[in-house]
Amino acid sequence: MRAKEFIIENEQNTNVDSNLLMVLDSEKNRFAAADQPDPKIRLDSLINIVRSIPGSEMFNAGALISAYDNNPSLKNIIRDIKKDDSGVRYVYLKTDSDVEDAEIDNDEFDNDADQELDTEKLAAERTVDQMSKRALKKRK
């Protein structure tokens, strides 16, 4: 292999990860808007959605598992990947309460400066969340 092929392959993995993050984030927002208590998506459905995005045509379950292991952003969205009682594999998404519980357990809010930074992050996340919801509404 040539060095150019390694670079292109690495860029493609980054695109697939960002496409996967985009899909999972929109699904998480959709479930939050519907107030579903245990958000989950079938693994085969998720794979098909990600494959439909240009640049992610070769996405599969193995790519999802390796991306989950290597990308900390995915660990903030995905709670678990497992089979349910009927034997169908699902990707379980974290809810806002899961994130809040993790933040409380970590006790990261010791300093006032940390609280101000976290407030700024939350405001930015809310803005992005609102933008994604508007974009989803325009698609429908």
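Remember, predicted model here, so these are calculated numbers, not experimental data.

Rules used throughout
- Residues numbered from 1 in each chain as written.
- Predicted model: local features only at pLDDT ≥ 70, side-chain atom pairs only at ≥ 80, totals over all residues.
- Heavy atoms only, no water.
- Helix = DSSP H or I, 4+ residues; strand = E, 2+ residues; numbered from the N terminus.
- Buried < 20%, exposed > 50% of the residue type's maximum accessible area, 1.4 Å probe, protein only.
- Contact = heavy atoms within 4.5 Å.
- Areas by Shrake-Rupley, 256 points an atom, 1.4 Å probe, with all protein chains shown as cover.
- Pairing = 2+ DSSP bridges.
- Salt bridge = Lys/Arg side-chain N within 4 Å of Asp/Glu carboxyl O.
- Core = buried A, V, L, I, M, F, W, Y, C linked by side-chain atoms within 4.5 Å.
- Axes fitted to C-alpha atoms, helices over the stretch in contact; angles between N-to-C directions.

### Some remarks on the overall build of the protein chain
Alright, step 1. Scanning the protein chain from N- to C-terminus turns up six helices and three strands.
Alright, step 2. Reading the helices (α) and strands (β) of the protein chain from amino to carboxyl end gives α-β-α-α-α-β-β-α-α.
Alright, step 3. Taken across its 140 residues, the protein chain has 21% of its residues classed as buried.
Alright, step 4. If you take every contact in the protein chain between residues at least 6 apart in sequence, the share linking residues at least 24 apart comes to 51%.
Alright, step 5. Of the roughly 10,100 Å² of accessible surface on the protein chain, a fraction of 49% belongs to carbon and sulfur atoms.

### Focus: the pairing of strand β3 (residues 89–93)
Alright, step 1. Summarising burial for β3: four of the five residues are buried, a large majority.
Alright, step 2. Pairing analysis gives three bridges linking strand β1 (residues 40–42) to β3, with the strands arranged antiparallel. Residue pairing across strands places Lys 40 opposite Tyr 92, the latter belonging to β3.
Alright, step 3. Direction of pairing for strand β2 (residues 78–83) relative to β3: antiparallel, over a ladder of five bridges. Opposite Ile 81, over in β3, you have Val 91 as the bridge partner.
Alright, step 4. Between β2 and β3, which follow one another and run antiparallel, lie five residues, and Gly 87 among them has a positive phi close to 95°.

### Structural notes on the pattern of salt bridges
Alright, step 1. Under the criterion given, the structure shown has five salt bridges.
Alright, step 2. The salt bridge partner of Arg 79 is Asp 38, with a shortest N-O separation of 2.5 Å. With a gap of 41 residues between them, Arg 79 in strand β2 and Asp 38 in the loop between α1 (3–33) and β1 connect regions that are remote in the sequence.
Alright, step 3. Between Lys 133 and Asp 129 there is a salt bridge, with its nearest N and O atoms 3.5 Å apart.

### Some thoughts on the nonpolar core
Alright, step 1. Counting 19 residues, the largest nonpolar core has Leu 20, Leu 24, Leu 46, Phe 59, Leu 64 and Val 91 as its most contacted members.
Alright, step 2. The element contributing the most residues to this core is α1, with five residues.
Alright, step 3. Not counting the four nearest positions on each side in its chain, Leu 64 is found in contact with Leu 20, Leu 43, Leu 46, Phe 59, Ile 78, Ile 81 and Val 91.

### Describing the sheet that holds β2
Alright, step 1. In space, the three strands of this open sheet follow the order β1-β3-β2, with antiparallel pairing throughout. Each of the sheet's edge strands pairs with one partner strand only, and the pair in question is β1 and β2. Ignoring strand direction, the axes of neighbouring strands in this sheet form an average angle of 20°.
Alright, step 2. Lying over the sheet, helix α2 (residues 43–51) contacts β1 and β3, oriented at roughly 75° with respect to β1.
Alright, step 3. Each of β2 and β3 is contacted by helix α3 (residues 61–70), which is oriented at about 145° to β2, the strand it contacts most.

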